[in-house]
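Summary of the model geometry
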Amino acid sequence: MNVIAGMNDTLNDKFDADENEAGERIEYGSYEATVEKSRQLEKNLAEQPGNYRVLTGDRPTGRLHIGHLFGSLQNRVRLQNLGVRTFIVIADYQVLTDRDMFENISDNVRNLVIDYLAAGLVPAEGKTCIFPHSHVPELNQLLLPFLTLVSNAELDRNPTVKEEIQASGLKRINAGMYTYPIHQAADILFCKANVVPVGKDQLPHLEMTRIIARRFNERFAGSKPVFPEPQPLLSKAPVILGLDGSQKMSKSRNNTIMLSASEDETAALLKKAKTDSERRITFDPVSRPEVSNLLMLISLSTGEAPENIAERIGDGGSGQLKKMLTETLNEYLRPIRTRRRELESDTGFVRTVLRSGIREAREVAEQTLSEVRHVMNMDI
Ligand code: TRP
């Protein structure tokens, strides 16, 4: 056996053994339990929005598409409008965990902000704070104490990181890839967020954040915890499939409709969307995923139940289904796209939004970092 690999195994075994004894292995819990807790949290949020602070975010890898809009953006706008204080981190450092591309980062950041604002996020004090984490040094500094609270073996076991390593096809994996979940804990905890709306793939990261908060409090904070243990909030929106009807909508799979697409481009893309050979339209996500996904998109645009839409189209077939979807989706997106175009031509405004978001995030992060230094006996 390779000596170095053997040594690693021993190290990992040691960490595992220690963690078992201390009862500190990361337990991801069941998905069903998380869904149930989310439901309860959803109720509490509506009743007492002032008790909550939301943080969520995206990597700036490109513009957003309708999967993002229906899957996460609208949920953020809804929480904001309930009166929940909201922070949105643009995770620009995280882009470099699985790719070398950095030429487009600032352009992608700008376009993300445009998509956010067009979708209805309001960048004002007391509403939503939008910032790229590369501009908030005090947030990034939290990474250093947090790194000492997690073992290598725990980082190695993160299922989402494992999948991303596989998907990237990279031979050389940089240390940022293994450690970004800890950085993500800094993204979340710098503002003491207690709710994080995320998709299923992010749950392992959130569990790590909760553990870091718990370990930090236990180790350093005595009877006055510094950090909350944030709860995941799973979106109620259905997963939107791509226009191929077989996989999740995603830019890398080339099956999306971008928020920035024109009405004609949208019509052309929908014309090519996959359906099936049965003439009569029915809503049946299991055996007719392609047709059902298109019905779901009409439903999201109009609010009508997909079964009723199917009923009305009936023998009109996929031609009529696509025609109806093109019309309703373009109509639904029209105000968003108009606002998008206005914002695109107002670069000064987008920059102002980022500057004030950064200023606010830094104030919050400075305060947290000084509490952290204090409990760690690092005051001078
Ligand atoms: N990892 C997230 C993604 O790839 C992006 C992200 C960074 C994030 N920091 C976050 C999401 C904090 C939620 C909270 O999509």
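The rules behind these values
Residues numbered from 1 in each chain as written. Predicted model: local features only at pLDDT ≥ 70, side-chain atom pairs only at ≥ 80, totals over all residues. Heavy atoms only, no water. Helix = DSSP H or I, 4+ residues; strand = E, 2+ residues; numbered from the N terminus. Rg over C-alpha atoms; globule rule 2.2 N^0.38 Å. Buried < 20%, exposed > 50% of the residue type's maximum accessible area, 1.4 Å probe, protein only. Areas by Shrake-Rupley, 256 points an atom, 1.4 Å probe, with all protein chains shown as cover. Lys, Arg positive; Asp, Glu negative; His and termini not counted. Charge placed at Lys NZ, Arg CZ, Asp CG, Glu CD. Salt bridge = Lys/Arg side-chain N within 4 Å of Asp/Glu carboxyl O. Phe/Tyr/Trp six-rings, centres within 6.5 Å; stacked < 30°, edge-to-face > 60°. Axes fitted to C-alpha atoms, helices over the stretch in contact; angles between N-to-C directions. Left-handed = near helix turned anticlockwise from the far one by under 90°. Contact = heavy atoms within 4.5 Å. Nonpolar A, V, L, I, M, F, W, Y, C, P; charged D, E, K, R; others polar. Expected span 1.5 Å × (residues − 1). Bend = angle between axes of the 7 residues up to and from the residue. pLDDT = per-residue confidence, 0-100. Domains from an automatic or database assignment. Buried area = accessible area lost by both parts, 1.4 Å probe. Polar contact = N/O pair within 3.5 Å; in protein donor to acceptor, adjacent residues only side chain to side chain.

1. Let's talk about the overall build of the protein
- Counting secondary structure elements, the protein contains 15 helices and five strands.
- Relative to a compact globule of 380 residues, whose C-alpha radius of gyration would be 21 Å, the protein shows 23 Å and is just as compact.
- By the burial criterion, 48% of the 380 residues in the protein qualify as buried.
- Surface exposure of the protein reaches about 19,000 Å², of which carbon and sulfur atoms provide 50%.
- Charge-centre separation for the protein: the mean point of 48 positive side chains lies 4 Å from the mean point of 52 negative side chains.

2. Some points on the pattern of salt bridges
- Counting across every chain of the model gives 23 salt bridges.
- Of the charged contacts in the structure, one is a salt bridge between R76 and D58, with a shortest N-O distance of 2.9 Å. Separated by 18 residues along the polypeptide, R76 in helix α3 (residues 66–82) and D58 in strand β1 (residues 53–58) bring together distant segments of the chain.
- The residue R280 makes a salt bridge to D315 at a minimum N-O spacing of 3.4 Å. Of this pair, R280 sits in the loop between α11 (263–271) and α12 (289–302) while D315 sits in the loop between α13 (306–313) and α14 (317–344); the two residues are 35 residues apart in sequence, bridging distant segments of the chain.

3. Considerations on the packing of aromatic side chains
- Overall, the coordinates contain seven aromatic pairs when judged by the stated rule.
- Judged by centre distance (6.3 Å) and plane angle (75°), the ring pair of F146 and F216 falls under edge-to-face. Here F146 is found in helix α6 (residues 143–147), whereas its partner F216 is found in helix α10 (residues 203–221), with 70 residues between them in sequence.
- Classification of F216 as buried rests on a relative accessible area of 0%.
- Between F146 and F227, the aromatic rings sit 5.6 Å apart at their centres with planes inclined by 75°, giving edge-to-face as the arrangement. With a gap of 81 residues between them, F146 in helix α6 and F227 in the loop between α10 and β5 (231–234) connect regions that are remote in the sequence.

4. Quick word on the packing of α3 against α14
- Taken N-terminus to C-terminus, the directions of α3 and α14 make an angle of 65°; their axes are 13 Å apart at the nearest point. In terms of crossing hand, the pair formed by α3 and α14 is left-handed. Residues I66, L69, F70 and Q74 of α3 pack against L329, Y332, L333 and I336 of α14.
- Of the residues in the contact of α3 with α14, the class split is seven nonpolar, one polar and no charged.

5. Quick word on α3
- Along its 17 residues, α3 runs 23 Å from first to last C-alpha, staying within 8% of the 24 Å computed at 1.5 Å per residue.
- L73 marks where α3 bends most, by close to 40°.
- Looking at α3, one finds that the buried residues are I66, G67, L69, F70, L73, N75, R76, V77, L79 and Q80.
- One or two steps after α3, the chain reaches G83, where phi turns positive at roughly 105°.

6. Structural notes on the confidence of the model for the protein
- For the protein, mean pLDDT is 92; residues scoring 70 or higher make up 93% of the total.
- Contacts of residues 1–23 to residues separated by more than four positions or lying in other chains number 16 contacts, the stretch itself having pLDDT below 50.

7. Examining the environment of I257
- The residue I257 is located in the loop between β5 and α11 in this model.
- Separated by 12 residues in sequence, I257 and L269 have C-alpha atoms that sit 7.4 Å apart.

8. Digging into the domain arrangement of the protein
- In terms of domains, the protein is made up of domain 1 (9–237 + 347–375) and domain 2 (251–344).
- Once you take the C-alpha centre of each, domain 1 and domain 2 turn out to be 32 Å apart.
- On the domain 2 side, the residues contacting the 20 residues of domain 1 number 17 residues.
- Overall, the association of domain 1 and domain 2 removes approximately 1,600 Å² of surface from exposure, summing both partners, and the carbon and sulfur fraction of that is 66%.
- Inspection of the region where domain 1 meets domain 2 yields two salt bridges.
- Of the charged contacts, one joins R63 and E344 as a salt bridge, the two residues approaching to 3.8 Å between their closest N and O atoms.
- Between domain 1 and domain 2 we count six residue pairs in polar contact (both at pLDDT 80 or more) in total.

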